[in-house]
Amino acid sequence: MGMTSLERTLCVLDHRIPDRVPVALHNFLMACQMRGADFGETLQSGEALAEAQLMAWREFGHDVIMHENGVCAEAQAMGCGIRYQPASPPHVDDPVIKSPADIEKLSIPDPESTFPLNEMLRATRILAEETRGQVFVIGRADQGPMALAAALWGPENLLTAAGDPELRPQVLMLLKKCSQMNIAFGEAQRRAGAHGSSIGVYGSSLISRHMYSELELPGDTAFCAAMRRIGARSFVHSCGNETDLLPNLISCGADCLELDPATDPNACKRATQGQTSVLGMLDPHGVLWRGDPHEVKEHTLAIIRVMAPGGGFLIGPGCALAADIRPETIHLVLECAKTLGAYRPDGTLACVN
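Residues numbered from 1 in each chain as written. Predicted model: local features only at pLDDT ≥ 70, side-chain atom pairs only at ≥ 80, totals over all residues. Heavy atoms only, no water.

> What is the right way to read the side chain of Lys177 from this model?
Relative to the helices and strands, Lys177 resides in helix α9 (residues 168-191). Not counting chain neighbours up to four residues away, the residues in contact with Lys177 comprise Ile103, Glu104, Lys105, Leu106 and Ile108. (Helix = DSSP H or I, 4+ residues; strand = E, 2+ residues; numbered from the N terminus. Contact = heavy atoms within 4.5 Å.)

> Would you mind going over the pattern of salt bridges with me for this structure?
A side chain of one charge can pair with a side chain of the opposite charge if their charged atoms are brought near each other. Counted by the stated rule, this structure contains 17 salt bridges. The partner of Asp19 in a salt bridge is Arg8, with the nearest N and O atoms 2.7 Å apart. Linking Asp19 in the loop between α1 (5-13) and β1 (24-25) with Arg8 in helix α1, this pair joins segments that are 11 residues apart in sequence. We note a salt bridge from Asp93 to Arg83, for which the minimum N-O separation is 3.4 Å. With a gap of 10 residues between them, Asp93 in strand β4 (residues 91-94) and Arg83 in strand β3 (residues 81-83) connect regions that are remote in the sequence. (Salt bridge = Lys/Arg side-chain N within 4 Å of Asp/Glu carboxyl O.)

> Help me out: how do you make sense of the packing of helix α7 (residues 145-153) against helix α8 (residues 155-162) in this one?
It is the contact of α7 with α8, at a shortest axis distance of 6 Å, that shows an interaxial angle of 115 degrees. Here α7 contributes Met146, Ala149, Ala150 and Trp153 to the contact with α8, which in turn contributes Pro155, Asn157, Leu158, Leu159 and Ala161. The class makeup of the residues in the contact of α7 with α8 is eight nonpolar, one polar and no charged. (Axes fitted to C-alpha atoms, helices over the stretch in contact; angles between N-to-C directions. Nonpolar A, V, L, I, M, F, W, Y, C, P; charged D, E, K, R; others polar.)

> Teacher, can you tell me more about unusual backbone geometry here?
With glycine set apart, most residues show a phi of negative sign, and most peptide bonds adopt trans. Of note, the amide linkage connecting Phe115 to Pro116 takes the cis form, showing an omega dihedral of 0 degrees. One can find Pro116 in the loop between β4 and α6 (117-130). Notably, Arg132 is not glycine yet its phi reads approximately 55 degrees, a positive angle. Mapped onto the fold, Arg132 is located in the loop between α6 and β5 (136-139). Residue Arg132 is classed as exposed on the basis of its relative accessible area of 67%. At Asp142, a position not held by glycine, the phi torsion is positive, near 70 degrees. Positionally, Asp142 belongs in the loop between β5 and α7. (Buried < 20%, exposed > 50% of the residue type's maximum accessible area, 1.4 Å probe, protein only.)

Laid out in structure tokens, this is it:
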């Protein structure tokens, strides 16, 4: 008998060899599309969010459900105005911080009672119950410290202040509060039944390695340590080409890094093997969206060939799938994982040379 999705995923996160490469889908937009309702309505309702993710899971049978409502949930809970739209992701319409003096007034809301975090926790509880412990559920803790701070204050304001020595104390205060928000929501996701939680961080496409280590890394490290204390697995997502930033990202102590194909797969495998796991590496906006079946299969095989040997890899799109991606593309990725991603006991691939 083969492993369950949960067992398979835990094998990877524990640096053991599973029966095959697990599949994770960063698919909240595609799930909304499958539900066929207004995105804004779906993304603000726990029951609707869970229904959408369950529809996708029952269609594809992937191993990891990555559950979120976009990248604005904590910003909304902390006071930002958010614009929800019928057929696209939400975005911050009105940052809550108008001047540095507002930072001190920010408080950390209770996720259990504050919209929309309470609805996302409702969705997590439904997902955990409906999948009956057979599937690994990531209840995302939204944006990491700098990304959340940028949403609260505006990206230009945050980055300008970060370079101003006189405003550095306010920036550090804001980042500390954002880190506390990440941890509070991640802990609530675990209580709701999630097996792990994830934050999206500012990487080298936006800031230097030095700025990452000085401003982003402390909060990322605190989040991963907090998840470890409560028995949850920690995931850190970073978009773009993070080849040069890999040592810094690994140092935060995450159980798994979520990475784009822009990061060099060979360098990524060398850096992460035995240090942390990797989720992603498939191209969501190029090959998976526009490619024909042959291109999708060759792309998936190329990633599996580099990233899978020796374990430590969960395959999936490196960022959110487009809402209108073809279902047959996802079925093909699953088929490749089940056949070409099968392991021998020694960690070599059974069907790939």
